[in-house]
Amino acid sequence: VIDDVLPLFLRLLFHSPVLVLLLTEVLNVGNNQLFGMLPTQLGLIANLAEIAVSQNNFSGVIPTEIGNLQNLRSFTAYLNFFQDQLPAFFGLLPNLEELDVSENLLEGQLPAELFASTSLRTILLARNVMTGSLPLTPTSLPNIETLNIAFNKLTGPIPTTTTDCVSRCARE
């Protein structure tokens with residue numbers, strides 16, 4: 001019986017697009033002319049460690065289901081047309097090191113959860129329409145190497161209690 005099952009399993013493994021997709025760790029469709037909304041089903045690909053959808057014509061909101069991807073290390077989606085607020089779940093993903101959503105149409109306040117992340121090393125949010133003040137505290141972003149929030153509509157002072165975070169960013 002095992003001789004009959006093993007070839008069937010191998011055939012399913014290598015010829016089933018659904019199974020191959022579920023085992024995918026990197027999804028890179030950048031620099032194309034893809035459009036529409038990102039599929040919510042991306043949140044079902046548990047092994048996904050990198051999503052790269054930059055330089056396309058994606059629009060709408062970033063699906064909340066991406067917040068289920070506990071292995072996600074990098075999300076790059078610059079130069080698209082994503083709208084609405086930057087999801088707070090990015091700050092809660094335990095392995096996320098890189099977030100680049102520059103040059104979109106994201107608006108609203110910067111999520112405090114993002115600045116509480118201990119895993120993020122790179123945050124690139126430039127050229128959106130984000131508003132409000134910086135939600136920084138003395139313990140914000142302990143591992144940050146690059147923070148770019150230029151060309152938004154942010155207001156207020158840089159909090160004086162954030163000198164550790166600012167000096168870490170300035171060293172780079």
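Up top you'll find the structure we're talking about.
Below you will find a few notes about this structure.

1. A short note on the overall build of the chain
Alright, step 1. Tallying secondary structure elements over the chain gives 4 helices and 12 strands in all.
Alright, step 2. Across the 172 residues in the chain, those meeting the buried criterion constitute 40%.
Alright, step 3. Sequence separation of 24 or more characterises 49% of the internal contacts of the chain that already satisfy a separation of 6 or more.
Alright, step 4. Entry remark: accessible area of the chain is about 9,600 Å², with carbon and sulfur atoms responsible for 58%.

2. Remarks on the nonpolar core
Generally speaking, nonpolar side chains in soluble globular proteins are found buried as a group.
Alright, step 1. Counting 34 residues, the largest nonpolar core has Ile66, Phe75, Phe90, Leu99 and Leu125 as the members making the most contacts within it.
Alright, step 2. Among residues more than four places away in sequence, those in contact with Leu125 are Leu86, Leu99, Val101, Ser102, Leu110, Leu114, Met130, Asn148, Ile149 and Asn152.

3. Brief notes about the packing of aromatic side chains
Alright, step 1. All told, the structure shown has 3 aromatic pairs when counted by the stated rule.
Alright, step 2. Summarising the aromatic geometry, the rings of Phe58 and Phe82 are spaced 6.4 Å apart at their centres and angled 15 degrees between planes, so their arrangement reads as stacked. Taken together, the residues Phe58 in strand 4 (residues 57-60) and Phe82 in strand 6 (residues 81-82) connect sequence positions 24 residues apart.
Alright, step 3. Relative accessible area serves as the criterion here: at 6%, Phe58 is assigned to the buried category.
Alright, step 4. Taking 4.6 Å as the distance between ring centres and 45 degrees as the angle between the ring planes, the aromatic pair formed by Phe89 and Phe90 counts as tilted. Pair check on accessibility: Phe89 and Phe90 agree, each one buried.
Alright, step 5. Between the NZ or CZ atom of Arg127 and the centre of the ring of Phe151, over which it lies, the distance is 4.1 Å.

4. Points about the pairing of strand 10 (residues 129-132)
Alright, step 1. Here strand 10 shows a buried face lined by Met130 and Gly132 and an unburied face lined by Val129 and Thr131.
Alright, step 2. Note that strand 8 (residues 107-109) and strand 10 share 3 bridges and pair parallel. Pairing of Gln109 across the sheet is with Thr131, part of strand 10.
Alright, step 3. Summarising the sheet, strand 10 and strand 12 (residues 153-154) pair through 2 bridges and their orientation is parallel. Its bridge partner being in strand 12, Gly132 is matched across the sheet by Leu154.

5. Quick look at the environment of Ala52
Alright, step 1. Within the secondary structure, Ala52 is located in strand 3 (residues 50-52).
Alright, step 2. Classification of Ala52 as buried rests on a relative accessible area of 8%.
Alright, step 3. Taking the C-alpha atoms as reference, Ala52 lies 5.8 Å from Gly30; in sequence the two are 22 residues apart.
Alright, step 4. If sequence neighbours within four positions are ignored, Ala52 has contacts with Leu27, Asn28, Val29, Gly30 and Thr76.

The rules we used
Residues numbered from 1 in each chain as written. Predicted model: local features only at pLDDT ≥ 70, side-chain atom pairs only at ≥ 80, totals over all residues. Heavy atoms only, no water. Helix = DSSP H or I, 4+ residues; strand = E, 2+ residues; numbered from the N terminus. Buried < 20%, exposed > 50% of the residue type's maximum accessible area, 1.4 Å probe, protein only. Contact = heavy atoms within 4.5 Å. Areas by Shrake-Rupley, 256 points an atom, 1.4 Å probe, with all protein chains shown as cover. Core = buried A, V, L, I, M, F, W, Y, C linked by side-chain atoms within 4.5 Å. Phe/Tyr/Trp six-rings, centres within 6.5 Å; stacked < 30°, edge-to-face > 60°. Lys NZ or Arg CZ within 6 Å of the ring centre and 35° of its normal. Pairing = 2+ DSSP bridges.

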